[in-house]
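Overview (structure and organization)
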Amino acid sequence: MLKIGLAQLLVEPGNARGNVTRMKEYIQEAVTKNCDLVIFPELCIPGYFIGDNWDQTDYMNECISLGEEIRALSENITVIFGNVALEKGKINPDGRIRKYNAMFIAQNGKFIAPGRSPYPFYIKTLLPDYREFDDLRYFTSLTEVATERHAFPEDFLSPLHLTFKNGDELIIGPLICEDSWDENYAVKPMSYLNDSYDIDLYVNISNSPFTLGKPERRHRLFGHSLNRFKKPAVYVNCTGVQNNGKNIYTFDGSAGAYNNDGSLFYEGFPYTNELVVLTFDPDTRSFTGMKSISSQRSETASIYEALHYGIQKFTEQAGIRKVVIGVSGGIDSAVNAALYATVFKPEDMLLVNMPSTYNSQMTKSLAEESAKNIGCTYAVIPVQDSLELTRKQFLQMNLTRNGEVLSSLTLTPFMEENVQARDRSSRILAAAAAAFGGAFTCNANKAEMTVGYATLYGDGAGFLAATADLWKHQVYDLAHYLNTEVFGREVVPQGSIDIIPSAELSAAQDITKGQGDPLIYPYHDYLFSAFVERWQRATPETILRWYDEGTLEENLHTPLCITDIFPGPSEFIADLERWWNLFSGFAVAKRIQSPPMLAISRRAFGNDLRESQIRPYYTQEYERLKKKLLQ
């Protein structure tokens, strides 16, 4: 029997010494618990998302030196861990020093390697370069190594043969993250190892960020392969928060052990740092003891866990101890206030309501109610005087050119809406945050981000956009979850849930008259999701074709009937083009300048969805369908 420790480790990107300090504590714990083998995540020493710090040779050398310290601790226990490896003297075509994303195996104070590896470590074979991943920018794959040596990748793919002090032997199939998700790759490491060797146990080390549905998809795909191969496996992932500058990702851990039929034997509790100790029988190739599988979570529960953990860890890393939140009385600011209240003490939160003459007494009361429900500090700072000052200054403005007096600039009502929004964030919230000793938040949601329904340098500003990857209907679901499951009482005011969403920036946005935002919820959530989150992203041509075929509701997965929203094709097309022009037009510029956001969905704005500022485009087929429908 072998005792195997799965180290669900907090990995802090760019803090190699801190990560190794935690690794040493886990190794000591594993030794104390008589483990034969302890396994750590991918790139657990340097971290994963460290940007172009991968080009800092000094940091790379530091990581390698720290890896040597881990090797020295392997006299009484076998240690598997992920780290960067350098091939000095080897320069890539871009002029950078050759780097590998590698798995190191330390036993008896030495590094050992898969039998046919040309290096004393296993090199990651499949390097993802989609979504938030940019591995090909920094690392060289085993496939490229094989090509350079005029060989096939399979020539270097081989198992690890480990012999332990009790005499047990184990043939391990080494895999690094993507190497197990090989269904769309020409080279299939897991399949090749299975077909060529008699593997006892697959070991996958990962540094895999959480997104909605990803754990379930991992179990399904991994389980399917293992059931086909009839081999068991362990999966080790890290916890923590890492970012690529624009997107902040939570890492949920969720370490797992799989039986040889692909079923889960053990699943680590998400966002928990722990050493999981499992007993494995090499003779029967099975895990023994009590099973432990986390209960299935709802989508909203998973969203809450990720947001709570992300806010907590990101603010810790940034050294932010106090927050200022602009509250309007609406659902977005109320949910953000409640979210931050799960992380910060009430005395470290300041909620600020900034009304003008356009804000109703209803929303002003709801804003105050949010603060009372949380028990935090509250302030009212009106913006009407500053709006009047801006109007006066523009009226008194003297425009001249070459001594000639020109007519004054005129502020339209729409421009005055933006003046209010910018005054609230750029002046009041920024000043309040400085005086309070904290930072102010951005309360945007994904529907607003999609079409730029926010003011640049106004309500689109802040140090973090915690809910910017949530569609509006998810914000509402989260409001109910916070009240019923997290707090067990009404913290998000019911009035904020019931009220019509409205910016309240002009007389034409009077909620007492039912004058809300121009977005139709949840229809536009589902429409915009098709623009953004589908792997094969929809365009107006796609949408119009579905509309023409009568399959729009089915393909958008919207609960609303389109004919209940739009009387006919002309209204539908006008709405579609309005939002497409904004989404692919000026909204891109707004998104580029938006705050970092917590990534939750299968595709978040930022480095996950990379955009160019180009003009909105309509295909010839779209124009044909449009003409047909409007005739």
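Residues numbered from 1 in each chain as written. Predicted model: local features only at pLDDT ≥ 70, side-chain atom pairs only at ≥ 80, totals over all residues. Heavy atoms only, no water.

1. Some points on the domain arrangement of the chain
- By the assigned domains, the chain splits into domain 1 (2-291), domain 2 (300-518) and domain 3 (520-630).
- Between the C-alpha centres of domain 1 and domain 2 there is a distance of 43 Å.
- Taken together, the contact pairs 13 residues of domain 1 with eleven residues of domain 2.
- For the pair domain 1 and domain 2, the summed buried area comes to about 1,000 Å², and 72% of that belongs to carbon and sulfur atoms.
- For domain 1, the biggest contributors to the area lost against domain 2 are Val241, Ile248 and Tyr271; these three give 47% of the whole.
- Between the two partners, domain 1 and domain 2, sit zero salt bridges.
- Linking domain 1 to domain 2 there are two residue pairs in polar contact (both at pLDDT 80 or more).
- Listing elements by their share of the side of domain 1 that touches domain 2, those giving two or more residues are strand E11 (239-243) and strand E12 (247-252).
- Of the residues assigned to the side of domain 1 that touches domain 2, the class counts are nine nonpolar, three polar and one charged. (Domains from an automatic or database assignment. Contact = heavy atoms within 4.5 Å. Buried area = accessible area lost by both parts, 1.4 Å probe. Salt bridge = Lys/Arg side-chain N within 4 Å of Asp/Glu carboxyl O. Polar contact = N/O pair within 3.5 Å; in protein donor to acceptor, adjacent residues only side chain to side chain. Helix = DSSP H or I, 4+ residues; strand = E, 2+ residues; numbered from the N terminus. Nonpolar A, V, L, I, M, F, W, Y, C, P; charged D, E, K, R; others polar.)

2. A closer look at empty space enclosed by the protein
- In this structure the tally under the stated criterion is one cavity of 30 Å³ or more.
- In this structure, the largest cavity spans a volume of roughly 120 Å³.
- As for the largest cavity, its lining consists of Ala444, Glu448, Met449, Gly452, Ala454, Thr455, Leu456, Gly460, Ala587, Lys590, Arg591 and Ser594.
- Of all the elements in the fold, those that place two or more residues in the lining of the largest cavity are helix H12 (446-451) and helix H20 (586-592).
- The element best represented in the lining of the largest cavity is H20, accounting for three residues.
- Residue composition of the lining of the largest cavity, by class: five nonpolar, four polar and three charged.
- When we break the lining of the largest cavity down by domain, the ones giving at least three residues each are domain 2 (300-518) and domain 3 (520-630). (1 Å grid on protein atoms, 1.4 Å probe; cavity = no way out; pocket = protein on both sides within 12 Å on 5 of 7 lines; lining within 4 Å. Points joined across faces, edges and corners; volume = space filled by probe spheres on them.)

3. Focus: the UniProt feature "domain: CN hydrolase" (unreviewed entry) in the chain
- UniProt marks residues 2-282 with the feature "domain: CN hydrolase" (unreviewed entry), using the numbering shown here.
- As a span, residues 2-282 carries 24% helix and 31% strand, and end to end its C-alpha atoms are 7 Å apart. (UniProt positions renumbered as here; feature names shortened; annotations may be inferred.)

4. Brief notes about the environment of Val491
- With respect to the helices, strands and loops of the structure, Val491 is situated in the loop between helix H13 (472-487) and helix H14 (494-498).
- Val491 sits 171 residues away from Ile320 along the chain, and the two C-alpha atoms are 23 Å apart.
- Look past the residues within four positions of Val491 in its chain and what remains in contact with it is Ala338, Ser370, Asn373, Ile374 and Asn483.

5. So, the environment of Ala102
- Relative to the helices and strands, Ala102 resides in strand E4 (residues 97-107).
- For Ala102, a relative accessible area of 0% gives the class buried.
- In this view, Ala102 contacts Phe81, Gly82, Asn83, Ala85, Phe121, Tyr122 and Ile176; residues no more than four positions away in its chain are not counted. (Buried < 20%, exposed > 50% of the residue type's maximum accessible area, 1.4 Å probe, protein only.)

6. Remarks on helix H19 (residues 569-583)
- The terminal C-alpha atoms of H19 lie 21 Å apart, and with 15 residues this matches the ideal 21 Å at 1.5 Å per residue to within 8%.
- Buried within H19 are the following residues: Phe572, Ile573, Asp575, Leu576, Glu577, Trp579, Trp580 and Phe583. (Expected span 1.5 Å × (residues − 1).)

7. A few points about the packing of aromatic side chains
- Inspection of the entire model under this criterion finds 35 aromatic pairs.
- Taking 5.5 Å as the distance between ring centres and 5° as the angle between the ring planes, the aromatic pair formed by Tyr119 and Phe121 counts as stacked. Phe121 shares its class with Tyr119; the two are buried.
- Aromatic side chains Phe210 and Tyr271 sit 6.4 Å apart centroid to centroid with 65° between the ring planes, which places their arrangement in the edge-to-face category. Within this pair, whereas Phe210 is found in the loop between strand E9 (201-205) and helix H6 (214-229), its partner Tyr271 is found in the loop between strand E14 (264-267) and strand E15 (274-281), the two being separated by 61 residues in sequence. There is no split in this pair, since Phe210 and Tyr271 are both buried.
- Among the aromatic side chains, those forming a connected cluster through ring pairs are Tyr48, Phe49, Tyr130, Phe133, Tyr249, Phe251 and Trp535.
- Here Arg297 stacks its cationic end above the ring of Phe269, 4.9 Å away from the centre of that ring.
- The aromatic ring of Phe436 is capped on one face by Lys322, whose charged end is 5.0 Å from the ring centroid. (Phe/Tyr/Trp six-rings, centres within 6.5 Å; stacked < 30°, edge-to-face > 60°. Lys NZ or Arg CZ within 6 Å of the ring centre and 35° of its normal.)

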